[in-house]
Each structure stands twice: as structure tokens, then as C-alpha cells.
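Structural description and commentary
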Amino acid sequence: MFSEFIAHIKENFMNMITSRLIVLILVLFGMGGYLIYTIFQLQIVQGEEYFNNFQLMITKERTIPSTRGNILDRNGKLLAYNELAYSVTIEDVYESGKGKNARLNATISRLIQMIEANGDSVINDFHVILDKNGNYQYNVEGTQLLRFLADVYGYPSIDQLKEKEKNATADELIQYLCSTARYGIGDYTDEDDSSSFVEGLGYTKEEILKIVTIRYAMSANSYQKYISTTVANNVSEETVAVVMENEDVLDGVSIAEGTVRKYNDSIYFAQVIGYTGKIDQDELKTLQAQDPSYDLNDTVGKSGIEASMEMELQGNKGSETVYVDNVGKVIETSDRIEASAGNDIYLTIDADLQKAAYHILESKLASILLAKISNIKEYHVPEGGSGGDIPIPIYDVYYACINNNIIDTSHFTSQYAGETEQQVYAAYSDKKSRVFDTLREELTEACTPYKDLKEEYQIYESYIVSMLYDHNIITDSAVDRDDETYLAWTKEETISLNEYLNYAIAQNWIDVSRLEINSQYSDSVEIYNKIIDYIFEQLDTNTAFDKKIYRYMINNDELTGRQICLLLLEQNIVNPPEDELRQFKAGNETAYAFMRNRIEQLDITPAQLALDPYSGSIVITDINTGDVLALVSYPSYDNNKMANGVDAAYYASLRNDLSYPLLNYATQQKTAPGSTFKIVSATAGLMENIVSTTDTITCTGVFDKISPPAKCWISPGAHGALNVSGGIQHSCNWFFYEVGYRLGIVGDTYNSDVALNKLAKYADLYGLTETSGIEIEEYTPDVSDTDAVRSAIGHGTNNYTTVGLARYVTTIANSGTCYNLTLVDKIENQNNELITDNQAVVRNRIDMDTSYWNAIHTGMRRVVEGKAYFSDLDVNVAGKTGTAQENRNRPNHALFISYAPYESPEISVTVRVANGYTSDYVAQIAKDVYEYYYGLKDESEIITGTAGTLDGGSINAD
């Protein structure tokens, strides 16, 4: 279009000038003017030649991105770096007008096909994905989702979103973006250009999503024309070649040379290092306040060290003046100012120690699972049961293979499905049909009160109601929580789902606009029938509901343990030794034994099963410097798939993973500290002079000075008379109940609040009232504000992170120096010149009598001396165990804080396994860490790649 316009101007200009000058020359000079005309005609020819060679040039200032600094461990091992790579980019060089969307979408579609034909992938960091059932869904929620919607609808603030926009489903959002008001995907007719791509209506949902993703990324750059948008990162040479060969039909498309962020051994360090990604509006506002040069095209740290050290890592941008033609091709450049690379960050982390601790943790979690898995179908915790003795039914293990997506049920319908996959799918289809028939009967005729349903159908109906709330069919804000019928459904369970839904219709709790009803005056019967239709339409492609069906197929032996094992084999998820495989296929090995072997060999990991315990954390510090030597969170993730544009499908899989690998369990999980808190109480008792190092307190088993009485873990037994060291050694609850009680005595009266304030004062001295000081995201601790007596043993509302407890035990180990812990060792520029030699800052010092410290250290040393499994360790360790019950239907949390060598402490090791049953288990994790750190065993003996056996600890002792 533009070239035709130039040609038209040139032709008319030449014709006009030539005709008018001939007349003028002849009038003025007669025939003698012919010579003049001839000379002028020569000039016209030369002018036309100049015009033919004329190119319109557009000048723009282009930013040259800087190279991000590297991240290394304390010994110089490279953890995060940049790798040269080619990217495919596109610029919006398309003229506005009716046909723009058609041409741009056609170009993008062709480009996607070229890229994918060579095995490369286009960007997919849009927050909408296709689920296994082919439905659009968001991969973020809460505030993240609202921020995303605000960006899509063009609002700088979430508060500006209209109610309909806030509640837009993923499908509605895609429809909006495909409309002619936005990207016009599906509206490709261009009367002015017969070459336009006109097959838009033939796009699959996957193709539409890819085009939308690229168009949305381009729209983020729309404030600056001729700014390129990345379509694909790190592409192959084959893709580079095919794109360059087709540049003449791919307007605005270029190959750019740049870098991609890479992470070595990513799974071990992802939670510490984090990852990079394209800046969002909130990040832009924050970073521009520190450096105005940031813009919406920048890649920045999104989490971890990448985010916290952004200003050091980013470097300084360069610039150049670029001259481009009308289709965005660069003609020439000038005024180039080179970018300067970011600084390198050296962490305090020891990479080898971090990796070893991760492996130790994973294998020990598997060991705990093996110790608790039992060949039973189900288990219900009895009244008064303990969280330390809950078995794991093998049927739960079978179901976990489906529930946490170890087995891919979508493959059952593939043309490549194996024999067992086909059999299981046939059984599932039959089961689902029967379930639907029963549910439809309940919703229309049977109308059984909820409490009288079988447990299976109670689960199904509860899921249906939750789904109707989640999909805003039932408007949550309209529901009266005090309504008698509502309570009859939710509390008393005396009515049927039929009755509840019909009542909801009568009370206008139903949003009929979300149902396919033609008339706004529809009667209640029509609305109810539409709700039923909606329920079964949604359930038919609902993966979460499918999993509930599989749950009861397994419970009812319609899907056997042996079939689960065969599915694992058919989908190549496990690869047992040849001999075992023969034995299993011959029927000589049970499904129970097969599954236990897979867990033992870590063919199936604790994270994959997501059965308690599936997670844990370890923090190791240098107690004399405040350096963090290892900060381990299990499970983890591959941050390579999150950098350079988040892989949306991978991100969705992480969010749906029941082991929550995106959570940093060392810094973002808080639990009660249990008896590890008793050192705070001992300190408070000594410093407040309510107990001395020689005073004894007599444990009688039950502490009845408060109501209801509090029991010692040894009850109905008793510890008898103990001093401070003995109280710590035996972890006597009664001893520390009494300390907490005495802290609250005012005159002759006990005041819990007074005691709580004193406990908080000494918790603060150990740094437990604030985050630990490390340079990554960390949850703020909770110091108990209720029940001082129970708070003194680490219960109440005490909740701390593992890294917070690591600072606490670091302070204990060095006898009073409380550091703000650090993960950063030093910062160097690209010339290896030292910029910052970082040191942990001393937060405060605890000025306490040496005899008090000796009493505490002695008690902690005796704790470890009492553990038989530590007897063969050639370094003396001091420590304190802790067990905390949060939910009687789940195992107790298990904790261990420690340091070594006892005589002259160097390092601390803090371990937490949520729902880990007993602190004895986690103490054995710490033991392995000490053996590795001090080289007491060959590495191959410690890190075997398999689960081992654990010494059984006391269920109650902590």
C-alpha cells in the first residue's frame, strides 16, 4: 500500500511538471526554446532516477539491553548465567485500517508454523492455557489474576475493573480478544487485498491461543511503534534459516541475536535463585522509582536472588539511532553507546552441600513413607488418636498416582494407548455413566437427604455445589448464611441437593445470566432444568471430578493396584530391574511390594505422591559469621522453564501439583516450633530469675494450675525433679509449663498476658519476631499471643519458618550473637573487581551469664547423647527436637535444631518436615548432613539414591 502511494505521487508529479513547462517554454521562446526544453528533459530524467532510488527512512532511538550479571556459589561455581541465542521477533509495521488484523494474524500464523516445524516453540507466557479437556483456563488466581485482567482490559489499576470483567471466564476473555474490537481473529476478509489469509475460522483453540499470546505481547509494546516483540526464544539454526529465507513475506519479522538466562542444576537452587521474566506494571512502577530507564520491554528478576539483587544484576542499557524503512527493516545505525554488563553475585551457598542436603532430604522422606505405608485399604484416626502413628494405606498410594498426575489419564484415549490403559478407560467410562445416572436420579426424583447418602455420593454432591459457587452460578455474596434452609444443607445435612438448589432459585441466589436461558422471565422449573444441564455439561469434561470417580473405583476394587502398576509401566513412568519386572508380570510380586520398591528406588518420589510427608526443608549456617551455607526446599522446580518467558503449561502443572513445588518450604512455610522453642523459655526463666541453673522443678505428669489441665508428653508417667539442663534434655513439658506459669505471676495472681509479653521479649532476642535477614522472600513469624503456659512449650499461636529457626539456633550456638542472616557473600563487576564484600549484620547480642549458656548447651548436648542413632557419629552434636500437632487427622510436624562441634561450634543444621510424624526422623536427616559436611563417610554411602531404614523414634517424645 505504501509503495503504491509513492509511485502514484511520483507519476503525477512528473506528468504535471513536464506538460506545464513545455507550454511555458514555447510561449516564451518559440521554437528556439526547444533547446531549453531538451536540457530540462535531461534534468527530469536524472530527477526521476533519483526519485526511483528514494527510500523513506524512519528514525528511532533503540535501547540496547545490558547483559545480566552471573550468580555463583561461594566457591565460584556458576549457578546462573547467560547464553548467546537467536530469537524470532516481530514489529508492528502494519498500516492501520480494515485489513490490518487479517494481514498481521496471517503473518503470525505462518510464522508459528515455521517455528514449530523445526521443533522450536513460540512464547506461551500468557496466563490462559488449555487444560487436558481442551478448555481455556487461567493459570493464576487471586490478586495475580485480577492484575492480569486489568492489564488485558487496559486498566492501570485493579480497582477500575468492571464486575463483569473481574468475573470473566478464560473462555470469555479469549472471545473478547478475538473480537474485532481487539485482534480480529476469525474476521479475515479484506476486500482490498485478495491475498489475505481467509481461513481464520478454521483455527483450532490451540492456534488461537498462540496468536492471542503473541498479539497480546505486541500490544504491550504498542506505545512505541517499531519496537520488536519476541515470538520465540533460543531457536535453532534451522528456524533462523527458514525465517530469513521468507523475510519477504513476513513483514516486520526479524532474527535477533541476544542472550537467554540459564541455570545450572536448577532443581537444587531454584528456590534461592528464582528466575527472570518480562516486567509487569507493578514491577515497572517499583523499579522506575530506583532507575527511570526501566521500561515495559525489560526482563527482570521475578523472585529469589534474581529479584532482590536486580539493581546489581541488571547492568546499564546502551542506545543507538536506527533508520528503518517502511516495513521495519534496518537501513543503517548511528550514535551507538554500548551497554555495560551487570555485576556478578557470589552467594554464601556451598553448591555441593546444597545438592547433597537436597538428596539426603528426599531419600529420608521416602524412608518415612516406607515406614508408614501399610497393606490396608483405608484408615480412620480413632478418637484421641495421635498424629505420630497414622499409617498410610496402600490404596492411598495407588490413588496418589492418579490424583497428582503421575499417571496421565488423558493418554487412555490416545491411539497409542496400551492394553491396560484401554481396559481402565472402559471401566472408567462405565463407572462414570453409572455415577451420572445416579446423580441425575438424585437431582430429579430420589432427593435423598445429604446425611443419608453413601459417602461416595456425598463427595460428588459436595463437589457439585462447590463448582456452582466457583462458577458464580450460585452468587456467593447473595447467600444468607443464617438462613434455615442454608444451614439445613451445610450444617444439619437434613435436606437434599434438589431441595437446596430449588430454594436457592426461589431466593434469587442463582445468577441466571450465566445459564443459557432465552427469557429473563423463565420460571423456576426451567431454571432448575438448566442448572442440571449445566452441571452435567461441566462434569463431563471435569478432570477434578474424574479423579473422584477414580478414587472410588480404586476403593471398590474396580481399578486394582495391579492395574495401577501396569499403567506406570505402560506409560514408561517407572523402569524396574529386568528380574523384578519378570517376577511382577508372572504374578510372583504383589502390587503392594512393587509400589514399595518403586518408592524405595525413588522411581516414584515423595513429591510425586504428595502423601504426608512430601515436603521438607534444611537450613545450614556458619554460626560465627551468619552466612547461610545451604537453604534447601523440597520439592523444587526447574527455573529454566520459568525464565525467558514463563512456560505457561509448565507453570500450570506446578500450580496443580499437590506437593506445591513453587513454595519455598524453608522461608514460606510456618508451623509451630514445638519443643525447639523451649530454649526461649529457659532463657526467659533464667534471665527473669524465676529459676536458677541449680533449681529443680518436679514433673508430676499433669499440670493442673490452669484449666483445662496441660499434660506432659510422658503422662501418665512423670519425669520427677529436673533442673534447666534436665528439662531441656528430657524435653519435659511440665517443667516449661511451670516456667511459663511463673513468668505470669503478678503478686499472688497468674496473668497469661504478662507471661506472653515476657516470652515475646526473649523470642525477640533470638530474632524470632522478625524475618531472618536473608535476601529472598520470607514469611513474617508469629509469636504466640494466647495461653502462655502452652506457648512456653512452643504451642499457642507460635509459628516460625525454618530459616527463622536457623537464626535462632545460630544465636544459641555462638552464645548470644544474633545475626541478620545473609545469602550474599560478595559482588564483583565484569572485570572481577570487588564491589562489595558482604558481611552478615549483627542484629543484637544477648548478654547472658556464661553459666546460663552452659546450662542450655549441656541440655542440648544431652538431647543428642540420648539418641542411639547419633552414637557412631565422630563429631559431637548438640540439638533440640520438636514435635507439633496441628491436625489430629494428619501426622505431627517434626523439627530439629542443632549445631556442631559441641565443644567449638562451627555450623548449625535446622531441619523441618511438615507432617513428618516424629522429630527422631528429622534428627536422622541432620545426622546425615553432618556426616557429609565433615567427610565422616564416603559420599556414596550417604547419598545412595535410594530410601533406607530409619531408627524408630518415640511417638510422643519431642
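Residue positions within a chain follow its written sequence, with the count starting from 1. Per-residue local features are limited, in this predicted model, to residues with pLDDT of at least 70; the limit for side-chain atom pairs, both in listing and counting, is 80 or more; totals at the level of whole chains, interfaces and linings are taken over all residues. Water and hydrogen atoms play no part in the side-chain values, which are based on all heavy atoms of the structure.

1. Here's the deal with the overall build of the chain
Selection rule: Going along the chain from the N terminus, every DSSP run of H or I of four or more residues is numbered as a helix, and every run of E of two or more is numbered as a strand. To sort residues, take the accessible area from a 1.4 Å probe on protein chains only and compare it with the maximum for the residue type: under 20% means buried, over 50% means exposed, and anything in between is partly exposed. We call two residues in contact whenever any of their non-hydrogen atoms come within 4.5 Å of each other. Here the accessible surface of atoms and residues is derived via Shrake-Rupley with a 1.4 Å probe, and residues count as covered only by protein chains that are part of the display. A residue counts as positive if it is Lys or Arg and as negative if it is Asp or Glu; His and the chain ends are not included. The location of each charge is read from NZ of Lys, CZ of Arg, CG of Asp or CD of Glu.
In terms of regular secondary structure, the chain is built from 34 helices and 29 strands. Dimensions along the principal axes, computed over C-alpha positions, put the chain at roughly 135 × 80 × 65 Å. When burial is assessed residue by residue, the chain has 51% of its 958 residues classed as buried. For the chain, the share of sequence-separated contacts (at least 6 apart) that also reach a separation of at least 24 residues comes to 71%. Total accessible area on the chain stands at roughly 42600 Å², and carbon and sulfur atoms take up 47% of it. For the chain, the distance from the average site of its 74 positive side-chain charges to the average site of its 137 negative ones is 3 Å.

2. Let's talk about the sheet that holds strand β10 (residues 318–324)
Hydrogen bonds between backbone groups are what pair the strands of a sheet, and the pairing can be parallel or antiparallel. Condition: The criterion for strand pairing is that DSSP finds at least two bridges linking the strands in question. Lines fitted to C-alpha atoms define the axes, with helix axes restricted to the stretch in contact, and inter-axis angles between N-to-C directions lie between 0 and 180 degrees.
Across the sheet, which stays open at both edges, the 3 strands sit in the order β1-β10-β11 with antiparallel pairing between neighbours. Single-partner strands in this sheet number two, and they are β1 (58–64) and β11 (330–337). Between one strand axis and the next, the sheet turns through 25° on average, direction left out of account. In the sheet, β10 pairs with β11 via 5 bridges, with the strands oriented antiparallel. For V324, the partnering residue across the bridge sits in β11 and is V330.

3. Some words on the pattern of salt bridges
Operational definition: Salt bridges are identified by distance alone: a Lys or Arg side-chain nitrogen within 4 Å of an Asp or Glu carboxyl oxygen.
In the structure shown here, the tally under the stated rule is 47 salt bridges. Put simply, E310 and R68 hold a salt bridge, and the shortest N to O gap is 2.8 Å. In this pair, E310 sits in helix α12 (residues 310–314) while R68 sits in the loop between β1 and β2 (71–72), placing the two residues 242 residues apart along the sequence. For the pair shown, E310 and R68 are each scored as buried. A salt bridge links D295 to K317, with the nearest nitrogen and oxygen atoms 3.4 Å apart. Taken together, the positions of D295 in the loop between α10 (281–288) and β9 (299–301) and K317 in the loop between α12 and β10 put the pair 22 residues apart, joining distant regions of the chain. The network of salt bridges with common partners includes D430, K431, R434, E456 and E558.

4. Description of the side chain of D295
Defined as follows: Each polar contact in these results corresponds to two N or O atoms within 3.5 Å; when the atoms are within protein, one needs to be able to donate a hydrogen and the other to accept it, and residues that are neighboring in sequence are counted only if both atoms are side-chain atoms.
What makes D295 buried here is its relative accessible area of 17%. Of the polar contacts made by the side chain of D295, one reaches the side chain of K317; its length is 3.4 Å.

5. Notes on the nonpolar core
Selection rule: In this text, buried Ala, Val, Leu, Ile, Met, Phe, Trp, Tyr and Cys residues form a nonpolar core when linked through side-chain atoms within 4.5 Å.
With 122 residues, the main nonpolar core has F126, V128, I305 and I618 as its most contacted residues. Aside from chain neighbours lying at most four places away, what touches I305 is I71, V272, I273, E310, L313, I345, L347, E775, I776, L823 and V824. The next biggest cluster of nonpolar side chains, apart from the first, holds 87 residues, and it includes I373, Y450, Y552 and L569.

6. Concerning the packing of helix α21 (residues 561–570) against helix α23 (residues 591–600)
How two helices pack is summed up by the angle between their axes together with the distance between the axes. Here is the rule: To sort the angles, those under 35 degrees are grouped as roughly parallel, those over 145 as roughly antiparallel, those from 65 to 115 as roughly perpendicular, and the leftovers as oblique. Crossing handedness follows the turn of the near helix against the far one: under a right angle anticlockwise gives a left-handed crossing, and clockwise gives a right-handed one. Just so you know the grouping, Ala, Val, Leu, Ile, Met, Phe, Trp, Tyr, Cys and Pro go in nonpolar, Asp, Glu, Lys and Arg go in charged, and all remaining residues, Gly too, go in polar.
The interhelical angle for the contact between α21 and α23, taken along N-to-C directions, is 40°, at an axis separation of 8 Å. With respect to α23, the element α21 is oriented oblique. In this structure, α21 meets α23 at a crossing whose hand is left-handed. Taking contact as the criterion, the partners of G561, R562, C565, L568 and L569 in α21 are, on α23, A591, F594 and M595. By residue class, the composition of the contact of α21 with α23 is 6 nonpolar, 1 polar and 1 charged.

7. Section: helix α8 (residues 237–245)
What counts, and what does not: The arc refers to the directions leading from the helix axis to the C-beta atoms.
Among all positions of α8, only T239, V240 and V243 are buried. Buried residues in α8, looked at end-on, bunch into an arc of 100°, giving them a common side. Facing away from the buried surface of α8 by more than 90 degrees, the exposed residues are E237 and E245.

8. Examining the pairing of strand β25 (residues 834–837)
Bridge count for strand β24 (residues 824–828) against β25 is 3 bridges, and the pairing is antiparallel. Across the sheet, residue K826 finds its bridge partner in β25, namely D837. Hairpin geometry of β24 and β25 is characterised by an intervening segment of 5 residues between the two adjacent antiparallel strands and by a positive phi of about 60° at N832.

9. Remarks on the sheet that holds strand β28 (residues 893–900)
The strand order across the open sheet formed by 5 strands is β16-β15-β29-β28-β27, and the pairing between neighbours is antiparallel. In the strand order of this sheet, the two ends are held by β16 (628–634) and β27 (878–884), each with one partner. The mean angle between the axes of side-by-side strands here comes to 5°, regardless of whether they run parallel or antiparallel. Pairing analysis gives 7 bridges linking β27 to β28, with the strands arranged antiparallel. Looking at the pairing, K880 lines up with I897 of β28. Seen against the sheet, helix α13 (residues 351–372) touches β15 (616–622), β16 and β29 (907–913) and runs at an angle of roughly 35° to β16. Those strands touched by helix α32 (residues 850–865) are β27 and β28, and its axis lies near 75° from that of β27.

10. Looking at helix α4 (residues 142–153)
Quick reminder of the rule: To estimate how far a helix should reach, multiply one less than its number of residues by 1.5 Å.
With 12 residues, α4 should cover 16 Å at 1.5 Å per step; its first-to-last C-alpha distance of 17 Å lies within 8% of that length. What α4 keeps buried is the set L145, R147, F148, L149, A150, V152 and Y153. Summarising the contacts, the buried residues of α4 are in contact with β4 (128–130), β5 (136–138), α5 (163–166), α6 (170–178), α7 (205–219) and α10. Just beyond α4, the residue with positive phi is G154, at close to 85°.

11. As for the packing of aromatic side chains
Where we set the bar: When two rings of Phe, Tyr or Trp (its six-membered ring) have centres within 6.5 Å they constitute a pair, described as stacked for plane angles under 30 degrees, edge-to-face for angles over 60, and tilted for the intermediate range. Counting as a charge over the ring demands two things of the Lys NZ or Arg CZ atom: a distance within 6 Å of the ring centre and an angle within 35 degrees of the ring normal.
With the rule as written, the count across this model stands at 36 aromatic pairs. Here Y503 and W509 contribute two aromatic rings whose centre-to-centre distance is 5.7 Å and whose plane-to-plane angle is 80°, an arrangement assigned as edge-to-face. The buried category is assigned to W509, whose relative accessible area is 3%. What links up through ring pairs into an aromatic cluster is the set F436, Y457, Y460, Y463, F536, F545 and Y552. Here the guanidinium or amino end of K205 rests over the ring plane of Y136, the centre of that ring lying 4.8 Å away. The lysine or arginine in question, R598, covers the ring of F594, its NZ or CZ lying 4.7 Å from the ring centre.

12. Some points on the confidence of the model for the chain
Spelled out, the test is: A score between 0 and 100, pLDDT records how confident the predictor is in each residue.
In the predicted model, the chain carries a mean pLDDT of 90, and 91% of its residues have values of at least 70. Per-residue pLDDT stays below 50 along residues 1–10; that stretch engages in 7 contacts with residues further than four places along the chain or on separate chains. Confidence over residues 23–28 falls short of pLDDT 50; this stretch has 4 contacts with residues more than four positions distant or in other chains.

13. Observations regarding the environment of K317
For K317, a relative accessible area of 24% translates into the label partly exposed. Between the C-alpha atoms of K317 and A339, which are 22 residues apart in sequence, the distance is 4.6 Å. Dropping the residues within four chain positions of it, K317 is found in contact with T63, I64, S66, S293, Y294, D295, D298 and A339. Side-chain polar atoms of K317 contact the side chain of D298, separated by 2.7 Å.

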